Each structure stands twice: as C-alpha cells, then as structure tokens.
Amino acid sequence: MHTGGADLHLHSRHSDGADAPSSLVEEAAKGGLEVISLTDHDTLSGVPEAQEAGMRLGVRVISGVELSADFRGHEVHLLAYGFDPDSEDLRGVLGRSRQEREQRAERMVQRLNQLGIPLSMEKLRETAGGASLGRPHLADALLRTRVVGNIQEAFDRYLNPGRPAFVPREHRSLQSAKSAVQDAGGVLILAHPHLNLSSANIRALVDEGIDGLETSHPRLKPSQCRELASLARERGILATGGSDFHGERRGPVRIGSVRVPVEVANRIVRIAESRAASLGAQREALAGGEKS
C-alpha cells in the first residue's frame, strides 16, 4: 500500500460525490495520506467538516473548491486552493454558480418531463440532499425512479451533450474566475487539462497567469502527464494532482490512487500565504491613504 503524499482533488456529497466529508478524511487516513483537499463544485459547505475530521485524524486538509469557466469557447475546470473562505467576492462567484446550477437543473427536468418522464425538482433536491446540483444528481434520480438501469445509461440516453435532456452551462470568463480566486489569496490550477483542451489551448491558458496544472489524474494518459509536467517545469508553475474521487458508486477510482508529494501541497500553502500577506499590506496601505 502506498503511504504518504497528498490527494488534492476530492468530491463529497456536498456536490456530486457520494460520501460525507468526514468519511473522505477517514479513508484518506486509512490510506496513509498526509494531506488532502476537498474540492467540491461551487461550494465550500463541506470544508469545515473535513478540516475538523482532519484535525482529529492527523490529516491536513487544505481549503479547496472546483470552478467552471469559459476559455476560447471550451468549458474548463479550475481548482482553487488556500484562499480566504470568507472572501465576499469568491463567495459571490460561488453563489451565482449554484444559482445557475439550479436553473439549469430546472430546464433539464422540464425536458425530461416533455419526454414523458415524471421527475420533479422536489424529487431531484431530495436525491441531492442539499448539495450543489449537477447532472450526476439527475442521473441518480433517473436510476432511483427506474427510468434507467444504471448511471451511465442515464448519461448516454438523456444527459450527455447531444442527448434530449442536455442543457449547456453558462460559464463565467476565465479572467473573472482567476480574479476572484487570486484576490481571495488563493492558488488557481487547471484541472485535468487534456480532457477538454488541446495542447495549444493549454499553453494559451497558462499564458493567462494561472498558478499551475493538474499533471496527475486518473483519466490522463501517461504521455499527457509527461507533457503537462514538462510544461509546468518550463513555465515555473505548480504541477499538482489527485484522484478526482467521487465515491465508490461513481467509478473505480479510489482515494489516494493518484497522489503527489507533500511538498506540492506545502508550495501551494506558501504561495497562498504570501499572496494573502501581500493583499493585506495593500489594503492597509489603501486604508492609511484614505485617512491621511
């Protein structure tokens, strides 16, 4: 069994994962992980529970969240770490994203109803259990009502792009996501880069000033991991990674199946602390100028 290291990409039932944040920490401890980050989609609601469990079990939990944005017409996923969780700007961005998720889910439910599938928003919210809504919750609801035989069938028949119930997301710009995270003292990483971007677009996105790339991910090919790691070294940015675990019933991936050295997590924390100190000094200088 692998021991040590960090898994910096995990999801709980506060978004589209299947497990409680504390359960993720317990599994991480059993697997010998030293550091994790809970990176639920558009919500920080599970972070306090994960951090409390981490203190109890000896696993360091870095604050994290996964955001979506638009870059050159492509949906990109961004992992933010080490930010101030009380940042009003960041919370505003996340709140608007959750509202958009709710509206999108309503439109997808309407399309399913038009197909003769009697699913309601009330049933969907019950399935989600208060989580930030996403297509996996719709898939779960379709499975529970026996419209489909398994989760993949729900996506293949109804929920994937081009299928009858699919509704595309509205995305903020990359620049607005970057500003919200970095102005909160956070570190911004491009998640699983090759899953939806070409090599040329990955390089162009790095030129926009993000802090790093997820170079280790279960769905990346070894050749892609090597290419991304080389690009990170070339540009002097962070190379991070994680399992992107969503729960055992979401797929075969396990917590800690992809892990990076603890020093990667330490570098993230140092950059975030430095950024926060710089922002604090700027605010003090501005406040002093207003008083004079």
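Asks: Honestly, the overall build of the protein chain in this entry has me stumped. Any pointers?
Replies: When helices and strands are tallied, the protein chain shows 10 helices and 8 strands. Taken over C-alpha atoms, the radius of gyration comes to 19 Å for the protein chain, in line with the 19 Å a tight globule of 292 residues would show. A principal-axis box enclosing the C-alpha atoms of the protein chain has dimensions of 65 × 55 × 40 Å. Residues classed as buried in the protein chain amount to 51% of the 292 residues present. When the accessible surface of the protein chain is split by element, carbon and sulfur atoms take 47% of a total near 13,600 Å². Side chains of the protein chain give 37 positive and 39 negative charges; the mean places of these two sets differ by 4 Å.

Asks: Where do I start with the pairing of strand β8 (residues 238–241) in this structure?
Replies: On any regular strand, side chains alternate: one points to one face of the sheet, the next to the other face. The pairing of strand β7 (residues 212–216) with β8 spans 4 bridges and is classified as parallel. Opposite E214, over in β8, you have T240 as the bridge partner. Where the polypeptide runs from β7 across helix α9 (residues 222–235) and back to β8, its parallel neighbour, the crossover connection is right-handed.

Asks: Is there a simple way to explain the environment of R96 in this structure?
Replies: As for its position among the elements, R96 is in helix α3 (residues 88–114). Placed 88 residues apart in sequence, R96 and A184 show a C-alpha to C-alpha distance of 17 Å.

Asks: Help me understand the pattern of salt bridges, please; the structure alone is not making it clear to me.
Replies: Once their charged atoms are close, side chains differing in charge can pair, the charge on each being opposite to the other. Counting across every chain of the model gives 14 salt bridges. A salt bridge links D42 to R169; its shortest N-O distance comes to 3.6 Å. Of the two residues, D42 is situated in the loop between β2 (35–38) and α2 (47–57) and R169 in the loop between α6 (151–159) and β5 (172–173); the sequence distance between them amounts to 127 residues. On the basis of relative accessible area, D42 is assigned to the buried category, the value being 1%. Of the residues examined, R169 reaches a relative accessible area of 14% and is grouped as buried. Among the salt bridges present, the one from E234 reaches R235, with a minimum N-O distance of 3.4 Å. Here the residues in one salt-bridge network are D42, E100, R101 and R169, joined through shared partners.

Asks: How should I be thinking about the pairing of β2 in this particular structure?
Replies: Neither face of β2 is open: one carries V35 and S37, the other I36 and L38, and all of them are buried. Handedness of the crossover joining strand β1 (residues 6–10) and β2 through helix α1 (residues 21–30): right-handed. As defined by bridge partners, β2 adjoins strand β3 (residues 60–71) across 4 bridges and the pair is classed as parallel. Paired with V35 across the two strands is R60, which belongs to β3.

Asks: Is there a simple way to explain the environment of A69 in this structure?
Replies: Looking at where A69 falls in the secondary structure, it is placed in strand β3. With 107 residues separating them along the chain, A69 and S176 place their C-alpha atoms 8.6 Å apart. Residue contacts for A69: discarding those within four places in its chain leaves H74, E75, V76, L78, H171, R172, S173, L174 and A177.

Asks: Sorry if this is basic, but what is going on with the side chain of S132 here?
Replies: When you line up the elements, S132 lands in the loop between α4 (121–128) and α5 (135–144). With a relative accessible area of 7%, S132 lands in the buried category. At a separation of 3.3 Å, a polar atom in the side chain of S132 contacts the main-chain carbonyl oxygen of H41. When neighbours within four sequence positions are excluded, S132 is seen to be in contact with H14, S15, H41, D42, T43, R98, R101 and H137.

Asks: Help me understand the packing of α4 against α5, please; the structure alone is not making it clear to me.
Replies: When two helices pack together, their arrangement is given by the angle between the helix axes and by the axis-to-axis distance. In contact at an axis separation of 9 Å, α4 and α5 are set at 105 degrees when each is read in the N-to-C sense. Relative to α5, the element α4 is oriented roughly perpendicular. For the pair formed by α4 and α5, the contact residues are L124, T127 and A128 on the first element and H137, L138, D140, A141 and R144 on the second. Here the residues of the contact of α4 with α5 sort into 4 nonpolar, 2 polar and 2 charged.

Asks: Help me understand α9, please; the structure alone is not making it clear to me.
Replies: For an α-helix, the turn length of 3.6 residues means that residues three or four places apart are oriented alike. In a regular helix each residue adds 1.5 Å, so 14 residues correspond to 20 Å; α9 covers 20 Å between its end C-alpha atoms and thus fits that length. Looking at α9, one finds that the buried residues are Q224, C225, L228, A229, L231 and A232. The arc that holds every buried residue of α9, seen down its axis, measures 160 degrees, which confines them to one face. When the buried face of α9 is taken as reference, the exposed residues oriented beyond 90 degrees from it are P222, R226 and R233. Of the surrounding secondary structure, the elements contacted by the buried residues of α9 are α8 (199–206), β7 and β8. Taken from the residues just after α9, G236 is the one with a positive phi, measuring 70 degrees.

Asks: How should I be thinking about the nonpolar core in this particular structure?
Replies: The nonpolar side chains of soluble globular proteins are, as a tendency, buried together. Counting residues in hydrophobic clusters, the biggest one holds 32 residues, and the most contacted among them are L190, L205 and L213. Of all the secondary-structure elements, those providing two or more residues to this core are β3, β4 (74–81), α3, α7 (174–182), β6 (187–190), α8 and α9. Once residues lying within four places of it in the same chain are set aside, the contact partners of L213 are I189, L190, P193, I202, V206, L228, L231, A232, I237, L238, A239 and T240.

What counts and what doesn't
- Residues numbered from 1 in each chain as written.
- Predicted model: local features only at pLDDT ≥ 70, side-chain atom pairs only at ≥ 80, totals over all residues.
- Heavy atoms only, no water.
- Helix = DSSP H or I, 4+ residues; strand = E, 2+ residues; numbered from the N terminus.
- Rg over C-alpha atoms; globule rule 2.2 N^0.38 Å.
- Buried < 20%, exposed > 50% of the residue type's maximum accessible area, 1.4 Å probe, protein only.
- Areas by Shrake-Rupley, 256 points an atom, 1.4 Å probe, with all protein chains shown as cover.
- Lys, Arg positive; Asp, Glu negative; His and termini not counted.
- Charge placed at Lys NZ, Arg CZ, Asp CG, Glu CD.
- Pairing = 2+ DSSP bridges.
- Right-handed = clockwise from strand over helix to strand, strands pointing away.
- Salt bridge = Lys/Arg side-chain N within 4 Å of Asp/Glu carboxyl O.
- Contact = heavy atoms within 4.5 Å.
- Polar contact = N/O pair within 3.5 Å; in protein donor to acceptor, adjacent residues only side chain to side chain.
- Axes fitted to C-alpha atoms, helices over the stretch in contact; angles between N-to-C directions.
- Parallel < 35°, antiparallel > 145°, perpendicular 65-115°, else oblique.
- Nonpolar A, V, L, I, M, F, W, Y, C, P; charged D, E, K, R; others polar.
- Expected span 1.5 Å × (residues − 1).
- Arc of directions from axis to C-beta.
- Core = buried A, V, L, I, M, F, W, Y, C linked by side-chain atoms within 4.5 Å.

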